[in-house]
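Commentary on secondary and tertiary structure
The lines below spell out each chain.
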Amino acid sequence: MTLQAPKGTFDWLPPRSEQALAVREALAAPVRRAGYGYIETPVFEDTALFVRGVGESTDIVSKEMYTFEDKGGRSITLRPEGTASVVRAVLQHGLHGGRLPVKLWYSGSQFRYERAQKGRYRHFWQVGAEALGAEDPALDAELIVLAADGYADLGLTGVRLLLNTLGDRECRPAYRAALQDFLRGLDLDEPTRARIEINPLRVLDDKRPEVRARLAGAPLVVDHLCQACKTYHEEVRALLTASGVAYTDDPRLVRGLDYYTRTTFEFVHDGLGAQSAVGGGGRYDGLSEMLGGPPLPSVGWALGVDRTILAMEAEGLLDAEAAVSPVQVYGVPLGEEARRRMFSLVTEMRRAGLDADMAFGGKGVKAAMKGADRSGAVYAVILGERDIAAGSAQVKDLASGDQATVPLAEIVTTLKERLNK
RNA sequence: GUGGGCGUAGCUCAGUUGGCAGAGCGCUAGGUUGUGGUCCUAGAUGCCGGGGGUUCAAGUCCCCUCGCUCACCCCA
């Protein structure tokens, strides 16, 4: 054992890595069809962006960030989530001065310093989508529907949608105070008592049974909503229902980032171990202003790529037997001269649009044929001295075992015909 | 940060009251001097995670340490 990947990280190897690519594409496809443009932002940002955006009181900022000083003395942080960067980029480049809403999607690595466990890693991948600059329940519903469609396209049937609203700056302060009053009267441990003062809504999210029991009579946001929030939330729910997207109202759903307002949602799955969320998001009407920008009511989500793969695995949707990068044609050269000829022939095939590979390492016929079999190729092209002398090669159908002699000059066209290309 | 489980071949794992380091899969070669999948044969690969201790003798018992993993917490 020499060096290994850092704690909490892992490598994606074939064929799982191919599935990861496919999952990213499948989750992004619905938003691309809905007019969302692709954005890439730096993997690291000014630390202040996350402190102000995500919120100082959150666990993410207070203890999970990879923060370091660069050689110029700047405080830099590896991004723990994607939304803050997208908002920063929109503000920096004035995209909000154009057509609204600004619709963007992204895909990339995120970093959080946590104790690793199943479904939770220090380096993970998210596909995200954000719609900035419009306050319209249809936009909230659109994003939720697009995410649900992405999961459905992957064949997932066990993804459930939890929905809630957190109110806005109009009604949340009063609710927050009422909740704090209630919580202060409970017998709770010290970290939780501290959380009551900083971020009381998160206490509702506690999973410990003994805490949950004490929270039984806690005031809920839904009972403290102002009329505007109530109407907004009803509209979101109606649109989801009209789209055939099932959801469960979860009045205790509170998300870990401070910037959320009104609509919040989480997609959960039971096959991931203790980590149940495969995706989540919500509305963040105040984030732009927190970052020094103009009011820019927005909504967005992030879907966990590796968690989605775990969910697919739990549902038996991943083909473990999948051949690694299967090719159509596999070259079997016998001898030095044949090896040179085969190299050129395979190059020619590839340029002609065929997926082709060949035996390397001077293997004998038997081993080379074994390689052909494992490559997943439909045809093997065998070339030895006798064939070169005759100006031809053997084309073998690996499924049937039928073999034909084909002139070298016609190999590529013959294969293309047979493979229907 | 806290707690549980586990570290033996590339992979999955056996290894008895302490007594020569093993199997299956995979890999390489041969059976078939130019043909894969099935079958047969042979071969290679180990600081038994690391360090210390007990013992004639430690993969096995004791201590320390590192790593992995699951869970709490937290979240995608």
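The present account deals with the structure reproduced in this document. (Residues numbered from 1 in each chain as written. Chains lettered and ligands numbered in written order. Predicted model: local features only at pLDDT ≥ 70, side-chain atom pairs only at ≥ 80, totals over all residues. Heavy atoms only, no water.)

Secondary structure assignment for chain A yields 16 helices and 16 strands. For 421 residues, the compact-globule estimate of 2.2 N^0.38 gives 22 Å, and chain A exceeds it by more than 25% at 28 Å. Across the 421 residues in chain A, those meeting the buried criterion constitute 49%. When contacts within chain A are restricted to residue pairs at least 6 apart in sequence, those whose partners lie at least 24 apart make up 70%. Here chain A displays about 20200 Å² of accessible surface, and carbon together with sulfur accounts for 51% of that area. (Helix = DSSP H or I, 4+ residues; strand = E, 2+ residues; numbered from the N terminus. Rg over C-alpha atoms; globule rule 2.2 N^0.38 Å. Buried < 20%, exposed > 50% of the residue type's maximum accessible area, 1.4 Å probe, protein only. Contact = heavy atoms within 4.5 Å. Areas by Shrake-Rupley, 256 points an atom, 1.4 Å probe, with all protein chains shown as cover.)

Here the focus is unusual backbone geometry. Most peptide bonds are trans, and most residues other than glycine sit at a negative phi. For the peptide bond that leads from P14 to P15, omega is 0°, which places it in the cis range. Examined against the element boundaries, P15 turns out to sit in the segment before α1 (16-33). Of note, the amide linkage connecting L100 to P101 takes the cis form, showing an omega dihedral of 0°. Following the sequence through the fold, P101 ends up in the loop between α4 (83-93) and β5 (102-111).

Here we come to the sheet that holds strand β13 (residues 356-358). On the basis of which strands lie adjacent, the open sheet formed by five strands has the order β13-β12-β14-β15-β16 and mixed pairing. Every other strand in the sheet has two partners, leaving β13 and β16 (403-407) as the edge strands with one partner each. Geometrically, the sheet is characterised by an average inter-axis angle of 25° between neighbouring strands, direction not taken into account. Across five bridges, strand β12 (residues 329-333) lies against strand β14 (residues 379-383) in parallel orientation. Bridge pairing links V332 to I382 in β14. (Pairing = 2+ DSSP bridges. Axes fitted to C-alpha atoms, helices over the stretch in contact; angles between N-to-C directions.)

A word on the sheet that holds strand β2 (residues 44-46). Spatial ordering of the open sheet is given by β2-β4-β3, a layout of three strands whose pairing is antiparallel. Either end of the sheet is taken by a strand with one partner, and the two such strands are β2 and β3 (66-69). For this sheet the average axis-to-axis angle between neighbouring strands, irrespective of direction, equals 35°. Examined bridge by bridge, β2 and strand β4 (residues 75-78) share three bridges and lie antiparallel to one another. For D46, the partnering residue across the bridge sits in β4 and is I76.

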